[in-house]
Amino acid sequence: MSELQRAWVSSANDAKCPFPLNNLPYGVFSGADGERRCGVAIGDQILDLAALEAAGTLDFGGALQTGSWNAVMALGPSEWARLRGDLTDLLGASAQNTEATARALVPQAEAQMHMPFMVSEYTDFYAAKNHAFNVGTMFRGPENALPANWLSIPIGYNGRASSVVVSGTDVTRPYGQLKSPDEALPRFAPCQRWDLELEMGAIVGTPSEGMVSVAEADEMIFGYVLMNDWSARDIQAWEYQPLGPFQSKATATTISPWIVTRAALSPFRVSTPERERPLLPYLKEPGPMLYDIELEVTLAPEGKGETLLSRTNYKEMYYSAAQQLAHHTTSGCAMRVGDMLGSGTISGPEKSARGSMLEMSWGGKEPLTLDSGELRSFIEDGDTITLRGQAVGNGYVIGFGACVGKTLPAPALPEWAQED
Ligand code: MN
């Protein structure tokens, strides 16, 4: 395990700081003037990379002036490495003449974070075995819990790029068609089983046309974010057969504000678990492509403190993002800069490691008791859901920033949607 790399920004050297020099995650922020700027988190500060490129300290052909990370991603992996090298030199403890760099620091407390990149396409997978087993057990019983294809294919569906929002964005409870098993006909009403999904998002930085290998797919990934894939369970239960989720997953997906690069995570690589059924050759991993990242989710009712709901780890995945991406390309489907792949809900084997409220409350049969004494089976209006994640090194951690979203009540039903 690698050691803490020291920076001259002293807050970055605290063993608990999520943004040491080892991390250097990329985000988009604005200050008082509201202009969106590319920045890198260091300690409790953001280094304004747009300002440094304007001053000639960095030169990436203007890509840092675009208020989004897509242009940097499009430059390719050798430029990603050059930028990380330049930033390590500028911020490292042995850097000389730090005054100009120091003038480009903005306190995180004074900055507003925005979407770090433009999501060009969004695919979500179903690739943690404990989650698939738990949900399958609830819907079909333990004998048929895993679909027949599950141990062979990283299952996914095409989501909506337009639904991806940055941490801090409020999410409005959706309407949809609901029909419980004891109802003869569906009705149109606000979702009553509104849920979270604790996931990681992998961001494709290198485009592709045609099939790529798992090794090539791994190299195409620019970085990772925390991801809450908001899910309407009652809408999902009625709509999902035979084409899978649609409106139940199209309301919002919240991501953390900082893209943690593949380079920063490389000391934390782990292998996917042992295969229970041999994979076809095109899906075999040539090396460890998953990461040991501790994850947690909390719920805070309106005006009250957070209750820890679950602790899990990204290493619980059965398929890595590289395997998912390689599988995605087999159809000939082109991948674009800014494509985001959701891992699928990350549940561990223990009850305390479940990544959705559907599983935590076992379909609503076992409500959770919050620290405030209130009960929850699913998310209620005013509840704030927060995901946090970190990779733990030797004397340092790599953090993502919190992934936060509050649920607002559904609006009144429009007149044209009401029963006569
Ligand atoms: Mn999902």
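What counts as what
Residues numbered from 1 in each chain as written. Predicted model: local features only at pLDDT ≥ 70, side-chain atom pairs only at ≥ 80, totals over all residues. Heavy atoms only, no water. Domains from an automatic or database assignment. Buried area = accessible area lost by both parts, 1.4 Å probe. Salt bridge = Lys/Arg side-chain N within 4 Å of Asp/Glu carboxyl O. Polar contact = N/O pair within 3.5 Å; in protein donor to acceptor, adjacent residues only side chain to side chain. Helix = DSSP H or I, 4+ residues; strand = E, 2+ residues; numbered from the N terminus. Nonpolar A, V, L, I, M, F, W, Y, C, P; charged D, E, K, R; others polar. Contact = heavy atoms within 4.5 Å. Donors = N, O, S within 2.8 Å, 3.2 Å for Na, K, Ca; no water. Buried < 20%, exposed > 50% of the residue type's maximum accessible area, 1.4 Å probe, protein only. Pairing = 2+ DSSP bridges. Axes fitted to C-alpha atoms, helices over the stretch in contact; angles between N-to-C directions.

Caption draft 1: Spotlight on the domain arrangement of the protein chain. Domain annotation of the protein chain identifies domain 1 (10–114) and domain 2 (122–410). Around 1900 Å² of area is buried between domain 1 and domain 2 when both sides are counted, 70% of it from carbon and sulfur atoms. Here domain 1 and domain 2 share 0 salt bridges between them. In this structure, the connection of domain 1 to domain 2 is made through 3 residue pairs in polar contact (both at pLDDT 80 or more). Secondary structure elements with two or more residues in the side of domain 1 that touches domain 2: β1 (26–30), β2 (37–42), α2 (70–74), α3 (77–91) and β5 (112–114). Tallied by class, residues from the side of domain 1 that touches domain 2 come to 16 nonpolar, 6 polar and 2 charged.

Caption draft 2: Seen up close, unusual backbone geometry. In this structure, the amide linkage connecting Gln-241 to the following residue, Pro-242, adopts the cis form with an omega of 0°. Tracing the backbone through its elements, the reader meets Pro-242 in the loop between α7 (233–239) and β16 (253–255). Of note in the backbone geometry, Trp-362 takes a positive phi value of approximately 45° without being a glycine. Note that Trp-362 resides in the loop between α10 (357–360) and β23 (368–369).

Caption draft 3: Representation of the environment of Gly-401 within the structure. Summarising the element assignment, Gly-401 is placed in the loop between β26 (397–399) and β27 (403–408). Separated by 175 residues in sequence, Gly-401 and Leu-226 place their C-alpha atoms 8.5 Å apart. Apart from residues lying up to four places away in sequence, Gly-401 is in contact with Phe-19, Leu-226, Ser-256, Pro-257 and Trp-258.

Caption draft 4: Inspection of the coordination of the manganese ion at higher detail. Protein coordination at the manganese ion comes from Asp-124 (OD), Glu-197 (OE), Glu-199 (OE) and Asp-229 (OD), with a distance range of 2.1 Å. In the primary sequence, the donor residues of the manganese ion line up as D-x72-E-x1-E-x29-D. Of this pair, Asp-124 sits in strand β6 (residues 121–125) while Asp-229 is found in strand β14 (residues 221–229), placing the two residues 105 residues apart along the sequence. There is no split in this pair, since Asp-124 and Asp-229 are both buried.

Caption draft 5: Quick look at the sheet that holds β5. An order of β4-β3-β2-β1-β5 is seen for the 5 strands of this open sheet, with the pairing classed as antiparallel. The sheet is open, and its two borders are formed by β4 (105–107) and β5, each paired with just one other strand. Taken over all neighbouring pairs, the strand axes of this sheet differ in orientation by 50° on average, direction set aside. Direction of pairing for β1 relative to β2: antiparallel, over a ladder of 4 bridges. Each residue of the ladder has a partner; that of Tyr-26, found in β2, is Val-40. Together, β1, β2 and β3 (45–48) form the strand contacts of α3, whose direction differs from that of β1 by roughly 65°.

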